[in-house]
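Fold and contact review
Residues per chain are reported as follows:
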Amino acid sequence: MQKLFVIAALLLAALSAHAAAPAPATYQVGIHNFHFQPMQVVVPAGATVTWTNHDEEPHVVTSAGNGFKSSPALDTDDHYSAVFTRPGTYAYYCSIHPQMTGTIVVK
Amino acid sequence: MQDDRDDIDPDNIRPDRRRFLECMAWAGAGTLWLMQGGVAHAGALLKGAMQPDATFSFVQISDSHIGFHKAPNPDPVASLRQSIAQVNAQPQRPDFVVHTGDLSHLSKPEQFDTVAELLKEAKTGHVFYIPGEHDVIGDDGKAFFARFGGGVDGNGWYSFDHHGVHFVALVNVRHLQGAGLGFLGADQLAWLRKDLAGLSASTPIVVFAHMPMWSLYPAWGWGTQDSAQALALLQRFSSVTVLNGHIHQIQQKIEGTITFHTARSTAYPQPAPGVGPAPGPLQNLPAGKLHDYIGVRDVRHVRGNGALAITEHTLA
């Protein structure tokens, strides 16, 4: 019983911390018909960006200039996440379809 | 300025090069292409008919995409196996088979293994490989070249001679440009210049590449950014045949003495240029019709008249 109480207290603490300073959220970028959507995402420092490939073609999220770790090949419905800790503008593209470009702006 | 062809501007081509023909054949087997003096003559295919004076033949296989598992072809292993069976059923054993890239869908080692294993079943003297952009994902082609041959200096490109024909295998799937266009790069172009330098203009040339070597549909990356520089080196030859894959359908173009042929895939077709929002598998095929859209290509060389006979085979 005491154990449960401790867990509840911890949960409450976690929740209140969450309310006080908004925790870095996860931002979604979809890949549809050879486009990153949205093409530009503005996120706070520490945010996670998750890409999901909805195409039948594989795609690769490739950082232009090694600003973040590039993804492996994403097959249909595969996800890839990267955490952006430092403010800046991170351009990326698909290495097998370089006409596909996108930008993550970290504030 | 004898060598000014090396600086040819594709937007300002000379009038004799402007007289080009464009031929398209969308679907269906049974088109025989006889090329003579840079002009293609289409005729009916007599299935399995031998060219009595053919000195040798080879087969082109392309875009097997092992690892693909969706509509319209959840089993590209089976369709590659059928393609090889079709090669083995030819009355004349091909001297070699060339796979013009996209062996794999995702550059995975097990996908490369599958292709290598399956092609061991091909009754032919040798199998040549060049990479597609799906084969160089993540490592710029290191695993592919280690497995299937690094060519010149480990960069993948190479050439060889066979019965008087000079074959050139180019790599145009690394460092893709702009809208996804293929790219040869200065190193490869410098090598090509040297490779061709000693050849007489009457030497028949056959070029293999994965991506089209002309601006077929640049908005989808169906072309090669610096192909004009390679073609400038090739245009002094009296017979040049360029065979590529990538777009999973047959298209032809003739420009001067250079003839371009794109090949079918052994896995799945793609839409016609610009039809639909993007390239990718053509999914809504009529039931049971996949095999009308995929297949292999058989090329017979006839010594003496500089002609190559190209025969398309679907799996249907």
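Residues numbered from 1 in each chain as written. Chains lettered and ligands numbered in written order. Predicted model: local features only at pLDDT ≥ 70, side-chain atom pairs only at ≥ 80, totals over all residues.

**Examining the packing of helix 5 (residues 186-197) of chain B against helix 6 (residues 227-234) of chain B**
All names here are of chain B. Relative to each other, helix 5 and helix 6 sit at 10°, their axes nearing to 10 Å. Our classification of the angle between helix 5 and helix 6 gives roughly parallel. Residues Leu189, Leu192, Arg193 and Leu196 of helix 5 pack against Gln229, Ala230 and Leu233 of helix 6. (Axes fitted to C-alpha atoms, helices over the stretch in contact; angles between N-to-C directions. Helix = DSSP H or I, 4+ residues; strand = E, 2+ residues; numbered from the N terminus. Parallel < 35°, antiparallel > 145°, perpendicular 65-115°, else oblique. Contact = placed C-beta atoms within 7 Å.)

**Description of helix 2 (residues 76-88) of chain B**
All names here are of chain B. Over its 13 residues, helix 2 runs 18 Å from end to end, which matches the ideal 18 Å to within 8%, given 1.5 Å per residue. Here helix 2 has its buried residues at Pro76, Val77, Ser79, Leu80, Ser83, Ile84 and Val87. Viewed end-on, helix 2 has its buried residues packed into an arc of 165°, placing them on one side of the element. Across helix 2 from its buried face, at more than 90 degrees, point the exposed residues Ala78 and Ala85. (Expected span 1.5 Å × (residues − 1). Buried ≥ 20, exposed ≤ 12 C-beta atoms within 10 Å, placed from the backbone. Arc of directions from axis to C-beta.)

**Concerning the sheet that holds strand 5 (residues 61-63) of chain A**
Residues and elements named next belong to chain A. With mixed pairing, four strands are arranged side by side in an open sheet as 3-8-7-5. Each edge of the sheet is formed by a strand with only one pairing partner; in this case those strands are strand 3 (40-43) and strand 5. Averaged over all neighbouring strand pairs, the angle between strand axes comes to 30°, with direction disregarded. The sheet contact formed by strand 3 and strand 8 (residues 97-106) spans four bridges and is parallel. Bridge assignment links Val42 to a residue of strand 8, and that residue is Val105. (Pairing = 2+ DSSP bridges.)

**As for the sheet that holds strand 1 (residues 26-32) of chain A**
All names here are of chain A. Taken in spatial order, the four strands line up as 2-1-4-6 in an open sheet, and their pairing is mixed. On the outer flanks of this sheet lie strand 2 (35-37) and strand 6 (79-84), each paired with one strand and no other. Mean inter-strand twist for the sheet, computed between neighbouring axes without regard to direction, equals 25°.

**Notes on helix 6 of chain B**
The periodicity of an α-helix, 3.6 residues per turn, causes residues three or four positions apart to be oriented the same way. Residue and element names in this part refer to chain B. Listing the buried residues of helix 6 in full gives Ser227, Ala230, Leu231, Leu233 and Leu234. Looking straight down helix 6, one finds that the buried residues subtend no more than 155° of arc, so they occupy a single side. Each element contacted by the buried residues of helix 6 is listed here: helix 5, strand 9 (205-209), strand 10 (240-244) and strand 12 (258-262).

**Thoughts on the environment of Cys94(A)**
All names here are of chain A. Mapped onto the elements of the fold, Cys94 is located in strand 7 (residues 88-94). Separated by 29 residues in sequence, Cys94 and Gly65 place their C-alpha atoms 13 Å apart. Excluding its chain neighbours within four sequence positions, the residues that come into contact with Cys94 are His59, Val60, Thr62 and Met100.

**A few points about the environment of Phe68(B)**
Residue and element names in this part refer to chain B. With respect to the element layout, Phe68 can be found in the loop between strand 4 (54-61) and helix 2. With 27 C-beta atoms packed within 10 Å, Phe68 lands in the buried category. In the structure, Phe68 is positioned 37 residues away from His105 in sequence and 5.8 Å away in space, judged by C-alpha atoms. When neighbours within four sequence positions are excluded, Phe68 is seen to be in contact with Asn73, Pro76, His105, Ala267 and Tyr268.

**Some details on the environment of Ala143(B)**
Looking at the element boundaries, Ala143(B) is found in helix 4 (residues 142-148). As a C-alpha pair, Ala143(B) and Phe112(B) span 31 residues in sequence and 9.2 Å in three-dimensional space.

**Overview of the confidence of the model for chain A**
Residue and element names in this part refer to chain A. Confidence in the prediction of chain A, expressed as mean pLDDT, is 85, and 78% of residues score 70 or more. Per-element averaging of pLDDT across chain A places helix 1 (residues 2-20) at the bottom with 50 and strand 4 (residues 47-53) at the top with 98. Every residue in residues 10-19 is under pLDDT 50, and counting partners more than four places away or in other chains gives one contact. (pLDDT = per-residue confidence, 0-100.)

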